[in-house]
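As a plain string of letters, each chain reads:
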Amino acid sequence: MLASVDLEGLGAVAAGRFRAGRAMEYDIFFSYAHADRDAALPVITALKARNLRVFHDETEITDGDSIVRRIVEGLGRARMLVAWYSATYPTRRACQWELTSALIAARHEFPDGRTVERRILALNPETGTGHLHPADILAKKYVDARGIPAEELAARAAALLDGLTGSFGEIRTLGGPRWHGGNPRAGSSRFVGRFPDMWRIDERLSKNRLALIAGESVGLVQVQGMGGIGKTLLAEEYARRFCAAYPGGIFWLNAARGQDLGTQRQGFAGNLGIAVAGLGPHEVEGALKDKLADLDGYLWIVDDLPPDAGPADLNAWSAPTANGATLVTTRGTGPGGAGFVHRLRLLLDTEAHELLTKRRIPVTDAEKAAAREILALLGNHALAVDVAGAAVAMLGYQGFRDRLRDPAKDATELAAKLAAKLAGDLPTGHAQQIAATLLDSIDRLDAAGLRFLHLAALLAPAPIPLSLAAGVFARLPGGDDGLAEAALALSEATREALAEHISGDGEDAGDAASVHVLVSRTVRFHMGEPPPEMREAAVAALTEAMEKADDIRNHATLLPLVPHARTLTEDLPDAPAALLLGWLGRFNHERGSYADAEADWRQTVDATKRLQGDEHPDTLTSMNNLAATLSAQGDHGGAQALLEQVLALFRRGLGAEHPNTLTSMNNLAETLSALGDHGGARALQEQVLALRRRVLGDEHPGTLTSVNNLAATLSALGDHGGARALHEQVLALRRRVLGDEHPNTLGSMNNLAAMLLHLGDAQGARALVAEALPVALRKYGRTPELSQALIALAELLGVPEP
């Protein structure tokens, strides 16, 4: 028979003492976080100076039983709650319980909320309201306490007491829940955060009767999320804190595979005094249903419903009567159409840090840095962070961080073993090995779903564009329709809550998938390395995409690919990986991140020399690109030395008219010009222009680049008329060939405007800038060098920014 625990008697005893006159009645229960003591005490003192009876406790507690006693003995006998609602307040477990109990009682007195604003006063000392929960109540009824004297705040509270009769305990019985089934603990003292989640769940569950009248789904909330994220503990903590809203009791069912619903119903029937001896399953079910229908509202918790459960399974496990609210936890998304689905997020950074450091506070800067890295490596996963907290208590922050970094060891398993030694069972009752929790879901995937997780394990812990997955799958054996396979694989992984589908919101942001870093770690350590051909396919797909990096108009769509390209180029075992890194360098160079581009191209140069030799065209191209970045950063001497080497080797290996040779000549000319050798630059540029016109044609982008560069050199030599003519020629051709919004066209408009301004034609310059600047800002933003140049010209010419 299932255990049944009844803690409500604690409240009844307290109420009895109050009625007999042996216990003190309070006007105000003052709720505050211990960290806010110095700010709250002046208000408490001012309240007492008005001869008001104020309950306040300077002892900070987190244990569930102790919190219940304080609520029963203090809040239960008070007419009103005043909360010093700082940013710290909602992070304290006891404060949350106190406020929740008061709100439930006040809401029960008048369900339309009329007395909430009289029975509860939130004093907000912060500048914003984002920390106020439940926001729909408190954000409209708080008092701005910034800079307000304590006496004035006390007067505000005292005014609300006029005509207010009865205590919270007389309005609603307070205390622990009538608990049937499950694990009758008093919750976990290591529970952190989730306050907004609980209020959103309660908002939906509290509409039970209204939903019944309207014929909608009745009082059903599904909490969905990946294994170990904290769904079970959230459900348990919700039941503890909101139990006053369910006087009929809490009924906890374990719906995991292998658990029998009939046996658990029979246990409930016995707990409720139903004689079950000799009754068949259907008779027990009917008798239990009749008994439940006679209760006040109750909460029916269905924990760990299998991910592949459908609507019929959900209906079978749900509360059998309309006065019962059903709260379901599941890793799956199968029965998504029933009730309200609440997707449980990862812990916030502050919540994860609090959980990690509960057992051992980081003191030194090194420990604090290690704690931040541990959270990043674990991705704020609740169960992983909890067991990591046990590990750092024994190994120290740096010690566990170093084990977590080791790619050959699964440090989370070690942490789980240490947690068992240090703190016994984990609060949720899950298997202590985090991997076991996740592998239970991973093992149910089909081949496509597992392939998707292998890809995620290969890539960065960042959203994976569906287009990238499609490009990879299309290159693998049997990948006839990469997009369809990627979509099906994502659907499979999402069903098991191992991935999250992120819908696109425009042409520059297509659909993507997010796979938690801990899932990827589990796949790497327990499911084997991804097949070599998957890495090759990923490198090829990323390279094909990054080849568009020379046009900054493509950068918005390329940005989501950069973390994955970076991960695959951490080491450079082959020429394709080196080529991909080279395109990362091009991406950074075009967007003006020259230091990053230099680092990328230096690594590319070293890799191509090692893999392909000193004179291979790929090596020389990398050297040429490195020189361009050195020049962009002002190291023209270093750029000249590199370019002279590259030009000599290109001429010898490819000939004087090869496009790579001409590019090197052009770049060397630009460097000479930057060093002040305009005559030498002009000579080289005229050679390059003549050869490009003959080899590539007059309208080729490379030819137009040569004309543009020669114009700048003529201007530096004082031939402004000749420079203007060339700039006008380039602009006309670029408009026709590339279009009005191409960055090279906008660059020509900038160059011609600068020349016109130099020649005294401010009106002509102003017209060009007024045309080009809005386009540049709309398409590329303010950061790129092109936009900055146009903004500077606009300021000189008095052209307003759009």
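The rules we used
Residues numbered from 1 in each chain as written. Predicted model: local features only at pLDDT ≥ 70, side-chain atom pairs only at ≥ 80, totals over all residues. Heavy atoms only, no water. Salt bridge = Lys/Arg side-chain N within 4 Å of Asp/Glu carboxyl O. Helix = DSSP H or I, 4+ residues; strand = E, 2+ residues; numbered from the N terminus. Buried < 20%, exposed > 50% of the residue type's maximum accessible area, 1.4 Å probe, protein only. pLDDT = per-residue confidence, 0-100. Contact = heavy atoms within 4.5 Å. Axes fitted to C-alpha atoms, helices over the stretch in contact; angles between N-to-C directions. Parallel < 35°, antiparallel > 145°, perpendicular 65-115°, else oblique. Phe/Tyr/Trp six-rings, centres within 6.5 Å; stacked < 30°, edge-to-face > 60°. Pairing = 2+ DSSP bridges. Nonpolar A, V, L, I, M, F, W, Y, C, P; charged D, E, K, R; others polar. Core = buried A, V, L, I, M, F, W, Y, C linked by side-chain atoms within 4.5 Å.

Considering the pattern of salt bridges
And step 1. With the rule as written, the count across this model stands at 41 salt bridges.
And step 2. With a shortest N-O distance of 2.8 Å, arginine 107 and aspartate 202 are connected by a salt bridge. One end of the pair, arginine 107, is in helix H4 (residues 93–109); the other, aspartate 202, is in helix H9 (residues 195–205), and 95 residues separate them in sequence.
And step 3. Classification of aspartate 202 by relative accessible area gives buried; the value is 1%.
And step 4. The partner of arginine 736 in a salt bridge is glutamate 699, and the shortest N-O contact between them spans 1.9 Å.

So, the confidence of the model for the protein
And step 1. Looking at the protein, pLDDT values average 85 and 89% of them are 70 or higher.
And step 2. Confidence drops under a pLDDT of 50 for residues 209–217, and excluding neighbours within four residues, the segment shows 6 contacts in the predicted structure.
And step 3. Confidence over residues 422–432 falls short of pLDDT 50; this stretch has 31 contacts with residues more than four positions distant or in other chains.

Here we look at the packing of helix H16 (residues 365–378) against helix H24 (residues 517–526)
And step 1. Between H16 and H24, the least distance of the axes is 7 Å, while the angle of their chain directions is 70°. One way to sum up the angle between H16 and H24 is to call them roughly perpendicular. Every residue of H24 that contacts H16 at Ala376, Leu377 and Leu378 is listed here: Val517, Leu518 and Arg521.

Looking at the packing of aromatic side chains
And step 1. Inspection of the entire model under this criterion finds 13 aromatic pairs.
And step 2. Aromatic pair tyrosine 26 and phenylalanine 55: ring centres 5.3 Å apart, planes at 75°, arrangement edge-to-face. Here tyrosine 26 is found in strand E2 (residues 26–31), whereas its partner phenylalanine 55 is found in strand E3 (residues 54–55), with 29 residues between them in sequence.
And step 3. What makes tyrosine 26 buried here is its relative accessible area of 13%.
And step 4. Residue phenylalanine 55 is classed as buried on the basis of its relative accessible area, which comes to 14%.
And step 5. Arranged with centres 6.2 Å apart and planes meeting at 65°, the rings of tyrosine 298 and tryptophan 300 form a pair that is edge-to-face. Comparing tyrosine 298 with tryptophan 300, the two get one shared label, buried.

Some points on the sheet that holds strand E15 (residues 512–514)
And step 1. If you trace the 3 strands from one edge of the open sheet to the other, you get E13-E15-E14, paired in antiparallel fashion. Two strands close off the open sheet at either side, each with one partner strand: strand E13 (464–465) and strand E14 (500–502).
And step 2. Note that E14 and E15 share 3 bridges and pair antiparallel. When the sheet's bridge partners are listed, glutamate 500 is paired in E15 with serine 514.

Observations regarding the environment of isoleucine 442
And step 1. Relative to the helices and strands, isoleucine 442 is located in helix H20 (residues 434–442).
And step 2. Here the alpha-carbon distance between isoleucine 442 and threonine 522, two residues 80 residues apart in the chain, equals 9.1 Å.
And step 3. Not counting chain neighbours up to four residues away, the residues in contact with isoleucine 442 comprise Leu450, Leu453, Leu498, Thr522, Val523 and Met527.

Here's the deal with the side chain of asparagine 624
And step 1. Mapped onto the elements, asparagine 624 comes out in helix H30 (residues 617–632).
And step 2. Since its relative accessible area comes to 6%, asparagine 624 is described here as buried.
And step 3. Not counting residues up to four positions away in its chain, the partners in contact with asparagine 624 are Leu643, Val646, Thr663, Ser664 and Asn667.

Some points on the packing of helix H17 (residues 382–395) against helix H18 (residues 397–405)
And step 1. As a packed pair, H17 and H18 sit with axes 7 Å apart at the nearest point and diverge in direction by 120°. What the angle tells us is that H17 and H18 run oblique. For the pair H17 and H18, contact is made by Ala388, Ala391, Val392 and Leu395 and by Tyr397, Gly399, Phe400 and Arg403, respectively.
And step 2. Per-class residue counts for the contact of H17 with H18 are 6 nonpolar, 1 polar and 1 charged.

A look at the sheet that holds strand E4 (residues 78–84)
Sheets are built from strands that pair by backbone hydrogen bonding, the pairs being arranged parallel or antiparallel.
And step 1. As summarised here, the arrangement of the 5 strands in space is E3-E2-E4-E5-E6, forming an open sheet in which the pairing is parallel. Edge positions in the sheet fall to E3 and strand E6 (143–144), since each of these pairs with one other strand and no more.
And step 2. Both E2 and E4 contribute to a ladder of 5 bridges, which runs parallel. When the sheet's bridge partners are listed, phenylalanine 30 is paired in E4 with valine 82.
And step 3. Seen against the sheet, helix H7 (residues 150–161) touches E2, E4, strand E5 (120–124) and E6 and runs at an angle of roughly 150° to E4.

A short note on the environment of leucine 580
And step 1. Relative to the helices and strands, leucine 580 is located in helix H28 (residues 575–590).
And step 2. The contact partners of leucine 580, leaving out residues within four places of it in the chain, are Val539, Leu542, Thr543, Met546, Ala565 and Thr569.

Focus on the pairing of E4
And step 1. Of all 7 residues that make up E4, 7 are buried, and the element is covered over most of its length.
And step 2. Of the strand pairs in this sheet, E4 and E5 are connected by 4 bridges, and their pairing is parallel. Bridge pairing in E5 places tryptophan 84 opposite leucine 123.

Looking at the pairing of strand E8 (residues 220–224)
Along a regular strand, successive side chains alternate from one face of the sheet to the other.
And step 1. Most of E8 sits out of view: 5 of its 5 residues are buried.
And step 2. Both faces of E8 are covered, namely the face carrying Leu220, Gln222 and Gln224 and the face carrying Val221 and Val223.
And step 3. Across 5 bridges, the pairing between E8 and strand E11 (residues 324–330) is parallel. Bridged to glutamine 222 within E11 is valine 328.
And step 4. Sheet topology places E8 next to strand E12 (residues 340–343); 4 bridges connect them, and they run parallel. Across the sheet, valine 221 pairs through a bridge with phenylalanine 340, a residue of E12.

Description of the nonpolar core
And step 1. Leu299, Leu327 and Val472 are the most contacted members of the largest nonpolar core, which totals 134 residues.
And step 2. Considering every element that reaches this core, the biggest residue donor is H4, with 9 residues.
And step 3. In contact with leucine 327, other than residues within four places in its own chain, are Ile201, Leu205, Val221, Val223, Ala235, Tyr238, Leu299, Trp300, Ile301 and Val302.
And step 4. Within the second largest apolar cluster, 25 residues are counted, among which are Ile28, Ala154, Ala157 and Leu164.

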